[in-house]
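An overview of the molecular structure
What follows is each chain in one-letter form.
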Amino acid sequence: MLIDTHCHLAAAAFAGDRDEVVALARALGVSSMLVPAVDVASFTEVRECCARHAGCVPAFGIHPLFVKSAGEADLAALREWLQLVSDGPQWPVAVGEIGLDFFVADPDVEKQEYFFVEQLKIARATDLPVLLHVRRSVDQVLKYLRRITVRGGIAHAFNGSRQQADEFVRLGFRLGFGGALTYSGSTRIRHLAATLPLASIVLETDAPDMPPEWLAGGRNTPAQLPRINAVLAELRGIDANDLARATALNALAVLPRLRSAD
């Protein structure tokens, strides 16, 4: 059993072959795929994707790179969408993708931080975990997580220090690792993935982005997760099946609604 805790299957990159992409991943043992939204305009596409495809489950949130055009009405819409309580594939399992991104040129720090804080408050009010975007912003994200307590979640595409990783774990989070660990030059990520406590790790692809080494420059898909799992198993010196089982259980522990989604 493998769980892809972060893949953008509703993205336009999959418009032509989404059915085949999902079917191949399922055939290769990826039992669940968590599909986060990035803005209010994508909420419907994410819900429809998850309603159509077994194993796909939604998360709704406003990505930090999309807050520039967002307003209070978008936060109100997010609150409304998170009230969905059906016990099927349209049932949101997390608030996400949310967070901070200070990698881009001239980020609107104030607006990013405002939307992040407001979405953390929404997650707290709905008792949902969060999917965190933490690019060049790990310390700032941790600062707000200490102020606004949520039920945990996943720090997606983690690339921080061991000290920062330990702080996320202390706050109830798992750390997402994917294609970046397959590159021999990604020494810090590979070291973290190999040495962090196994209970703190979940797997992800971030498809169609962040392709593994064997797809460098190409489109990533959830079907790459078994091979990513195998690379991590080799780094950790454990059996690939044992790693897949452990990381899946970690995902289920931090995303309790995922249990009822498939």
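For the structure, check the block above.
Here the residue numbers are simple positions, counted from 1 along each chain's written sequence. The predicted origin of the model limits local features to residues at a pLDDT of at least 70 and limits the giving and counting of side-chain atom pairs to 80 or more, whereas totals for whole chains, interfaces and linings rest on all residues. Side-chain numbers here rest on the full set of heavy atoms in the structure, without hydrogens or water.

1. Quick look at the overall build of the protein
When you go through the protein residue by residue, the secondary structure sums to nine helices and eight strands. Radius of gyration here is computed from C-alpha atoms only, and the compact-globule reference equals 2.2 Å multiplied by the residue count raised to the power 0.38. A compact globule built from 262 residues would reach a C-alpha radius of gyration of about 18 Å, and the protein, at 17 Å, matches this within 12%. Projecting the C-alpha coordinates of the protein onto the three principal axes gives extents of approximately 45 × 40 × 35 Å. Each residue is assigned to one of three classes by its accessible area relative to the maximum for its type, calculated with a 1.4 Å probe on protein chains only: buried under 20%, partly exposed between the two thresholds, exposed over 50%. Taking all 262 residues of the protein together, the buried fraction comes to 56%. Looking at the protein as shown, the accessible area adds up to about 10,900 Å², and 50% of this sits on carbon and sulfur atoms. Only four residue types enter the charge count: Lys and Arg as positive, Asp and Glu as negative, with His and the chain ends excluded. A charge is said to be at NZ when it belongs to Lys, at CZ for Arg, at CG for Asp and at CD for Glu. Taken together, the 26 basic and 30 acidic charged side chains of the protein have centroids lying 5 Å from each other. In this description a helix means any DSSP run of H or I spanning at least four residues, a strand means any run of E spanning at least two, and both kinds are numbered starting from the N terminus. Each accessible area is a Shrake-Rupley result for a 1.4 Å probe, and residues are judged covered by the shown protein chains and nothing else.

2. What about the packing of aromatic side chains?
Aromatic ring pairs are reported here in terms of the distance separating the ring centres and the angle at which the planes meet. Two rings from Phe, Tyr or Trp (for Trp, the six-membered ring) form a pair when their centres sit within 6.5 Å of each other. Planes less than 30 degrees apart are called stacked, planes more than 60 degrees apart edge-to-face, and all others tilted. Per the stated rule, a full pass over the model turns up seven aromatic pairs. Aromatic side chains Phe43 and Phe60 sit 5.2 Å apart centroid to centroid with 45° between the ring planes, which places their arrangement in the tilted category. Pair noted here: Phe43 is in helix α2 (residues 43-52) and Phe60 is in strand β3 (residues 56-60), with a separation of 17 residues, a long-range link. In terms of burial, Phe43 and Phe60 fall into one category: buried.

3. A word on the side chain of Ser200
Position of Ser200 relative to the elements: it lies in the loop between α7 (187-195) and β8 (201-203). In this structure the side chain of Ser200 is engaged in a polar contact, spanning 2.6 Å, whose partner is the backbone oxygen of Pro197. The contact criterion used throughout is that any non-hydrogen atoms of two residues lie within 4.5 Å. When near neighbours in sequence (up to four residues on either side) are disregarded, Ser200 contacts Val169, Arg174, Leu175 and Asn250. Within 3.5 Å is the distance limit for a polar contact, defined as a pair of N or O atoms, with the added protein rule that one can donate a hydrogen and the other accept it, and that residues adjacent in sequence qualify only through two side-chain atoms.

4. A few points about the layout of surface pockets
Put simply, the largest pocket is a space of about 590 Å³. Surrounding the largest pocket, 31 residues form its lining, His133, Arg135, His156, Ala157 and Met210 being those nearest its centre. Contributing elements (two or more residues each) for the lining of the largest pocket: β5 (130-135), β7 (173-177) and α7. Considering each element in turn, the lining of the largest pocket owes the most residues, three residues, to β5. Here a cavity is any set of points on a 1 Å grid over the protein atoms alone where a 1.4 Å probe fits but cannot get out, and a pocket is any open set with protein on both sides within 12 Å along at least 5 of 7 lines; a residue lines the site when it has an atom within 4 Å of a point. Grid points are joined across faces, edges and corners, and a volume is the space filled by probe spheres set on the points.

5. Quick word on the pattern of salt bridges
It is possible for side chains of opposite charge to pair when their charged atoms get near one another. We define a salt bridge as a side-chain nitrogen of Lys or Arg found within 4 Å of a carboxyl oxygen belonging to Asp or Glu. Considering all chains together, one arrives at nine salt bridges under this definition. Glu118 serves as the salt-bridge partner of Lys121, at 3.3 Å between the closest nitrogen and oxygen. Linking Lys121 with Glu118, this pair stays in helix α4 (residues 109-126), spanning three residues, or about one helical turn. Since its relative accessible area comes to 36%, Lys121 is described here as partly exposed.

6. Let's talk about the pairing of strand β6 (residues 153-156)
Strand pairing is assigned whenever DSSP detects at least two bridges linking the two strands. In this sheet, β6 lies alongside β5 in parallel orientation, the contact comprising four bridges. By the bridge assignment, His133 is partnered in β6 with His156. The handedness of the β5 to β6 crossover, carried by helix α5 (residues 138-147), is right-handed. With three bridges connecting them, β6 and β7 associate as parallel partners. Bridge pairing links Ile154 to Arg174 in β7. With its strands directed away from the observer, a crossover is right-handed exactly when the path from the first strand over the helix to the second travels clockwise. After leaving β6, the chain enters helix α6 (residues 162-170) and then returns to the sheet as β7, a path that is right-handed.

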